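# Results of the structural survey
Okay, here's what each chain looks like letter by letter:
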Amino acid sequence: MIRPSPIDWSTWSAPVHATLMFVVREGRILLIEKKRGLGAGKINGPGGKIDPGETPRECAMRETEEELLIRVKDPVKLGELHFAMSDVPDILCHVYRAGDFDGVPTETDEAVPLWFATADIPYHRMWSDDRYWLPVMLEGRTFLGRFAFTGDDVSWNQLVTDVEWPEGE
Ligand SMILES: Nc1nc2c([nH]c(=O)n2[C@H]2C[C@H](O)[C@@H](COP(=O)(O)OP(=O)(O)OP(=O)(O)O)O2)c(=O)[nH]1
């Protein structure tokens, strides 16, 4: 049975806009253990909230530089994640992927860098929606994921793949 969405997505908008950056290279993905902020203790990609006047791409690159001291090259937007939350403000998150970077991934106050084989993603230590869309991101395909949360759990989800994002986003 397909459960009706608890959210009217046609009118949904989020007060918080954020980004995630995934570096995927030679069968491995660069993740972080997040040391503070929303999702502290979880494994995730680097990323954070978009600052006023900043584009999503600029934010994804800035947050990656702040958290891991690396500068990614030629990031491509693959996805958008729309999170309807139950206990914190709703979030719209832009997801980027890159294949190369300058610098050496380095631990900072915000994050510990961790490389994983793409066949060995630690979903049990990640946000509960990630298992739905991260495999699509690893295939290099585009996607739009919509998730309603109850606390930390996904209570409703929808994933549309092969979405065309505007050029240069
Ligand atoms: N993988 C994944 N990431 C998520 C989910 N929900 C969610 O907010 N994130 C990401 C988006 C952002 O990168 C990050 C939240 O932003 P943040 O609190 O780290 O923001 P920030 O670095 O600007 O920190 P702050 O100092 O403003 O608090 O968590 C989710 O369900 N899955």
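These figures come from a predicted structure and were not determined experimentally.

What counts as what
Residues numbered from 1 in each chain as written. Predicted model: local features only at pLDDT ≥ 70, side-chain atom pairs only at ≥ 80, totals over all residues. Core = buried A, V, L, I, M, F, W, Y, C linked by C-beta atoms within 7 Å. Buried ≥ 20, exposed ≤ 12 C-beta atoms within 10 Å, placed from the backbone. Helix = DSSP H or I, 4+ residues; strand = E, 2+ residues; numbered from the N terminus. Contact = placed C-beta atoms within 7 Å. Expected span 1.5 Å × (residues − 1). Near = placed C-beta within 6 Å. Nonpolar A, V, L, I, M, F, W, Y, C, P; charged D, E, K, R; others polar. Pairing = 2+ DSSP bridges. UniProt positions renumbered as here; feature names shortened; annotations may be inferred. pLDDT = per-residue confidence, 0-100. Arc of directions from axis to C-beta.

## Remarks on the nonpolar core
Membership of the largest hydrophobic core comes to 33 residues, with the highest contact counts inside it found for M21, V23, V72, V95, Y96 and M137. Ranked by residues supplied to this core, first place goes to strand 1 (residues 16-25) with five residues. Apart from the residues within four sequence positions on either side, V95 is in contact with L20, L78, G79, E80, L81 and M137.

## Some words on helix 1 (residues 56-68)
A turn of α-helix holds 3.6 residues, and therefore any two residues three or four places apart point the same way. For helix 1, which comprises 13 residues, the first-to-last C-alpha distance of 18 Å matches the rise-based estimate of 18 Å (1.5 Å per residue) to within 8%. Among all positions of helix 1, only P56, C59, A60, M61, E63, T64, E67 and L68 are buried. On its buried face, helix 1 sits against strand 1, strand 2 (28-34), strand 4 (47-49), strand 5 (71-73), strand 7 (91-98) and strand 9 (111-117). Looking at the residues trailing helix 1, positive phi occurs at L69, about 60 degrees.

## So, the site of the ligand
The local shell around the ligand holds 16 residues, among which G37, L38, G47, G48 and W127 are the closest. Every element with two or more residues in the shell around the ligand is listed here: strand 1, strand 4 and strand 7. Per-class residue counts for the shell around the ligand are seven nonpolar, six polar and three charged.

## A few points about the pairing of strand 2
Burial analysis of strand 2 places five of its seven residues in the buried class, which makes it a mostly covered element. Pairing geometry for strand 1 and strand 2, over three bridges, is antiparallel. Following the sheet pairing, V23 is matched in strand 2 by L30. The hairpin turn running from strand 1 into strand 2, its antiparallel successor, is two residues long, and E26 in that turn takes a positive phi close to 50 degrees.

## Some words on the pairing of strand 11 (residues 153-161)
Note that strand 10 (residues 143-150) and strand 11 share eight bridges and pair antiparallel. Across the sheet, the residue bridging to G145 is L159, located in strand 11. Two successive antiparallel strands, strand 10 and strand 11, enclose a turn made up of two residues, where G151 displays a positive phi of approximately 60 degrees.

## A word on the UniProt feature "domain: Nudix hydrolase" (unreviewed entry) in the protein
According to UniProt, the positions carrying the feature "domain: Nudix hydrolase" (unreviewed entry) are residues 14-139. Between the end C-alpha atoms of residues 14-139 there is a gap of 27 Å, over a span that is 17% helix and 41% strand.

## Let's talk about the confidence of the model for the protein
Summarising the model, the protein shows a mean pLDDT of 96, and 99% of its residues fall at 70 or more. Note on the complex model: pTM 0.96, ipTM 0.95.

## Structural notes on helix 2 (residues 130-138)
Of all the positions in helix 2, only D130, W133, L134 and M137 are classed as buried. For helix 2, the buried positions fall inside an angular range of 110 degrees around the axis, keeping them on one side. Positioned one or two residues after helix 2, G140 has a phi angle of 80 degrees, which is positive.

## Section: the environment of R25
Locating R25 in the fold gives a position in strand 1. We classify R25 as partly exposed; it has 13 C-beta atoms within 10 Å. Taking the C-alpha atoms as reference points, R25 and G151, separated by 126 residues in sequence, lie 33 Å from one another. The residues touching R25, leaving out its near neighbours within four places in the chain, are G99 and D100.

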